[in-house]
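# Remarks on the overall topology
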Amino acid sequence: MRSLILAGLCLSAVATPALAQVQQNNPNAANQSMEYNSQMRGLRQEQTTQSDMLRMDIQRNQAATPVPNTGPSALPPGTGTGVIGR
């Protein structure tokens, strides 16, 4: 999917000036050009949204990962603090 989006973005950079030209034999050329540019903007927006969501997921997972307690006061697993009722 990403390669398709990237290919579309590369194509839009090359094809946009040619599509934007007024064509005498095609009265809908301007509308088609605007529609095409709108689709490319939509694809770029979708790609940006997916990238932002992936970045947020990565940051959320990193923030939620507990830091291992390896200091000298670390208790072995299964041992309590010795305080009852807390």
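Computed from a predicted structure; not experimentally measured.

The rules we used
- Residues numbered from 1 in each chain as written.
- Predicted model: local features only at pLDDT ≥ 70, side-chain atom pairs only at ≥ 80, totals over all residues.
- Heavy atoms only, no water.
- Helix = DSSP H or I, 4+ residues; strand = E, 2+ residues; numbered from the N terminus.
- Buried < 20%, exposed > 50% of the residue type's maximum accessible area, 1.4 Å probe, protein only.
- Areas by Shrake-Rupley, 256 points an atom, 1.4 Å probe, with all protein chains shown as cover.
- Salt bridge = Lys/Arg side-chain N within 4 Å of Asp/Glu carboxyl O.
- Expected span 1.5 Å × (residues − 1).

Helices and strands together make up the secondary structure of the protein chain, namely two helices and zero strands. Here the protein chain holds 86 residues, and the buried ones make up 10% of them. For the protein chain, the exposed area adds up to about 7300 Å²; of that, 59% sits on carbon and sulfur atoms.

Before going further, it helps to spend a moment on the pattern of salt bridges. Evaluation of the coordinates by the stated rule reveals two salt bridges. Among the salt bridges present, the one from Asp52 reaches Arg55, with a minimum N-O distance of 3.0 Å. Taken together, the positions of Asp52 and Arg55, both in helix 2 (residues 29-64) and three residues apart, correspond to about one turn of that helix. The exposure class assigned to Asp52 is partly exposed, which follows from its relative accessible area of 34%. A residue is classified by how much of its surface remains accessible, and Arg55, at 43% relative accessible area, is partly exposed. A salt bridge links Arg60 to Asp57; the shortest N-O distance between them is 2.8 Å.

Our next topic: helix 2. Taking 1.5 Å of rise per residue, the 36 residues of helix 2 would be expected to cover 52 Å, and the 52 Å separating its terminal C-alpha atoms lies within 8% of that figure. Turning to helix 2, its buried residues are Ala29, Ser33, Tyr36 and Met40.

By themselves, these figures tell us nothing about what the structure is for.
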